[in-house]
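# Summary of structural features
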Amino acid sequence: MLGSCALIAGAQVVTVTSDERVQGITEPAFYPQLNKAGTQLLYSAGDAQGLKLYDFTTGKAATTISTGRGAGMDAKFGPDGNVYYVTQAVTEGNLVYRTGHRYNVAGGSDQVVLEPQHGAMHVAMGMRGVALKGSKKRYASAANLGTSVYTEGSRIYITTADKTASYSPVESWAGYIWPTLSPDGKKVAFVAAEKGIVVIDLKGNVLAMLGKYEMPAWYDNDYIVAQHATDDGHQFTSSQIMLLKADGTFATSLTAPSTMTMQPTSAAGKIVYTTIDGMLHEMKIAINP
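This write-up is about the structure you can find in this document. Since the structure is predicted, the reported quantities are computational estimates derived from the model, not experimental observations.

Criteria and thresholds
- Position numbers for residues start from 1 in each chain and track the written sequence from start to end.
- This being a predicted model, a pLDDT of at least 70 is required before a residue's local features are given, and a value of 80 or more before pairs of side-chain atoms are given or counted; all residues contribute to the totals for chains, interfaces and linings.
- Side-chain metrics rest on all non-hydrogen atoms present in the structure, leaving aside hydrogens and water.
- Note on conventions: DSSP H or I runs of at least 4 residues are helices, E runs of at least 2 residues are strands, and numbering of each starts at the N terminus.
- For this measure, only C-alpha atoms enter the radius of gyration; the expected value for a globule follows 2.2 Å times N^0.38, where N is the number of residues.
- A 1.4 Å probe rolled over the protein chains alone gives each residue an accessible area, and that area as a share of the maximum for its type sets the label: buried under 20%, exposed over 50%, partly exposed in between.
- We call two residues contacting when some pair of their heavy atoms lies within 4.5 Å.
- Note on areas: these come from Shrake-Rupley sampling with a 1.4 Å probe, and a residue is covered only by the protein chains present in the view.
- Pairs were defined over the aromatic rings of Phe, Tyr and Trp, the Trp ring being its six-membered one, requiring ring centres within 6.5 Å. Orientation was assigned from the angle between planes: stacked under 30 degrees, edge-to-face over 60, tilted for the rest.
- Any Lys NZ or Arg CZ that is within 6 Å of a ring centre and within 35 degrees of that ring's normal is treated as a charge sitting over the ring.
- Pairing of N or O atoms within 3.5 Å defines a polar contact, subject to two protein rules: one partner must be a possible hydrogen donor and the other a possible acceptor, and residues neighboring in sequence count only if both atoms are side-chain atoms.
- Should DSSP find at least two bridges between two strands, the strands are taken to pair.
- The convention used is that axes are lines fitted to C-alpha atoms, helices contributing only their stretch in contact, and that angles between N-to-C directions extend from 0 to 180 degrees.
- Only buried residues count toward a nonpolar core. Its members are Ala, Val, Leu, Ile, Met, Phe, Trp, Tyr and Cys residues joined through side-chain atoms within 4.5 Å.

### Overview of the overall build of the protein
Of the regular secondary structure elements, the protein holds 0 helices and 27 strands. Relative to a compact globule of 289 residues, whose C-alpha radius of gyration would be 19 Å, the protein shows 18 Å and is just as compact. With respect to the principal axes defined by its C-alpha atoms, the protein has extents near 50 × 45 × 40 Å. Residue burial in the protein is summarised as follows: out of 289 residues, 48% are buried. In the protein, 37% of the contacts between residues at least 6 apart in sequence involve partners at least 24 apart. Approximately 13400 Å² of the protein is accessible, and the part contributed by carbon and sulfur atoms is 49%.

### Some details on the packing of aromatic side chains
The tally for this structure, following the rule as stated, stands at 5 aromatic pairs. Relative to Phe-250, the ring of Tyr-223 has its centre 6.2 Å away and its plane inclined at 85 degrees; by these criteria the two rings are edge-to-face. On the criterion of sequence distance, the pair formed by Tyr-223 in strand 22 (residues 223-231) and Phe-250 in the loop between strand 23 (236-245) and strand 24 (251-253) is long-range, its members being 27 residues apart. Over the aromatic face of Phe-56 sits the side chain of Lys-270, whose NZ or CZ is 3.8 Å from the ring centroid.

### Examining the environment of Gln-111
For Gln-111, the location among the structural elements is in strand 10 (residues 109-118). Given a relative accessible area of 39%, Gln-111 falls into the partly exposed group. Expressed as a C-alpha distance, the spacing of Gln-111 and Tyr-84, which sit 27 residues apart in the sequence, is 9.8 Å. Apart from residues lying up to four places away in sequence, Gln-111 is in contact with Gly-100, His-101 and Arg-102. A distance of 2.3 Å separates a polar atom in the side chain of Gln-111 from a polar atom in the side chain of Arg-102.

### Details of the environment of Ala-131
Mapped onto the elements, Ala-131 comes out in strand 12 (residues 130-134). Judged by its relative accessible area of 0%, Ala-131 is buried. A C-alpha to C-alpha distance of 27 Å links Ala-131 and Tyr-213, two positions 82 residues apart in sequence. Excluding anything up to four places from it in sequence, Ala-131 contacts His-122, Val-123, Ala-124, Arg-138, Tyr-139, Ala-140 and Leu-145.

### A short note on the pairing of strand 17 (residues 176-181)
Of the strand pairs in this sheet, strand 17 and strand 18 (residues 187-192) are connected by 4 bridges, and their pairing is antiparallel. Among the inter-strand pairings, Thr-180 is bridged to a residue of strand 18, identified as Ala-189. Counting the residues that bridge the hairpin from strand 17 to strand 18 gives 5 residues, and of these Gly-185 lies at a positive phi of roughly 70 degrees.

### Observations regarding the pairing of strand 9 (residues 96-104)
The pairing of strand 8 (residues 83-90) with strand 9 spans 8 bridges and is antiparallel. Its bridge partner lying in strand 9, Ala-89 is registered against Tyr-97. Hairpin connection from strand 8 to strand 9: 5 residues lie between these consecutive antiparallel strands, with Asn-94 at a positive phi of about 65 degrees. Hairpin remark: strand 9 followed by strand 10, antiparallel, with 4 residues in the connecting loop; positive phi at Gly-108, about 70 degrees.

### Here's the deal with the sheet that holds strand 11 (residues 121-126)
Taken in spatial order, the 6 strands line up as 13-12-11-14-15-16 in an open sheet, and their pairing is antiparallel. The open sheet has two edge strands, strand 13 (138-140) and strand 16 (163-167), and neither has a second partner. Averaged over all neighbouring strand pairs, the angle between strand axes comes to 20 degrees, with direction disregarded. With 5 bridges joining them, strand 15 (residues 155-160) and strand 16 adopt antiparallel strand pairing. The partner of Ile-156 across the bridge, within strand 16, is Tyr-167.

### With respect to the nonpolar core
By size, the foremost hydrophobic cluster in this structure holds 14 residues, and its most contacted members are Val-225, Leu-243, Leu-254, Ile-271, Met-283 and Ile-285. Elements supplying a minimum of two residues to this core: strand 2 (12-21), strand 22, strand 23, strand 26 (270-275) and strand 27 (281-288). Not counting chain neighbours up to four residues away, the residues in contact with Leu-243 comprise Val-14, Tyr-223, Ile-224, Val-225, Phe-250, Ala-251, Thr-252, Leu-254, Ile-285 and Ile-287.

### Comments concerning the sheet that holds strand 20 (residues 206-211)
Across a sheet, paired strands are connected by hydrogen bonds in the backbone, their directions being either parallel or antiparallel. Spatially, the 4 strands line up as an open sheet ordered 17-18-19-20, and their pairing is antiparallel. The outermost strands of the open sheet, each flanked by one partner alone, are strand 17 and strand 20. Strand-to-strand twist across the sheet, computed as the mean angle between neighbouring axes with direction ignored, equals 20 degrees.

### With respect to the side chain of Thr-265
Relative to the helices and strands, Thr-265 resides in strand 25 (residues 261-267). Given a relative accessible area of 3%, Thr-265 falls into the buried group. Within the structure, Thr-265 has its side chain in polar contact with the backbone nitrogen of Leu-34 (distance 3.1 Å). Those residues in contact with Thr-265 that lie beyond four places of it in its chain are Pro-32, Gln-33, Leu-34, Leu-41, Ala-217, Lys-270, Ile-271 and Val-272.

Fair warning: the whole summary comes from geometry, so function is off the table for now.
The following block contains the structure:
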């Protein structure tokens, strides 16, 4: 989508060294999520219906993990290498029941770890494990999740040393979404609906307000990739991938607004994003201070 280019803001130069279509995936793909090593990728094959796993090291056709409704919306790789995700089912009375799953990547087996229950189910990502928190019951992949984070309404919940504290560092009537820990576990980025991306420390203190961007993903401990989209109230009018410094001192575009690029994920120096019609791209950049 972009050739090699240099993007300058202030004294910093960011060079897009490569940006190519992911060759092993030809179907429309959305909500990509990389594992920590950047070798495997989760994605939804359209409208968050179902969940698939692609392995960059083999280049073979993607494995279908689930065909369940909503499975691709918030699926995560756990520190143990397994995949944790939630499916939804709607009853005749229009009640939504959610089920928590764990997929064993090495063995290719799927297990229900949280039986269907009515109400929201939150995914709490930790440095040592993953928790699925339902309205009635919860599941944790490890006895000690390490530092972990999730959001509920206009509060963010951070667990450190087995103690959980909740914070509401900025006002947001529509709530907080997309919480994510920095790789070193020392900072949290999330989106406050009317304010954009907020970066805080583990005690809830605001470190930076990065602007009205969405879907933050840590590139490393100092930089975040995010989506910047505009709409006319009915549909997207533009969307691009941005690189933001976590202290708020630097921002630059990695793709143009007209490319309709969105939903970035990042790990191990790799950025993967999709387009409005579901074409997955793999990008690499170089940052020169």
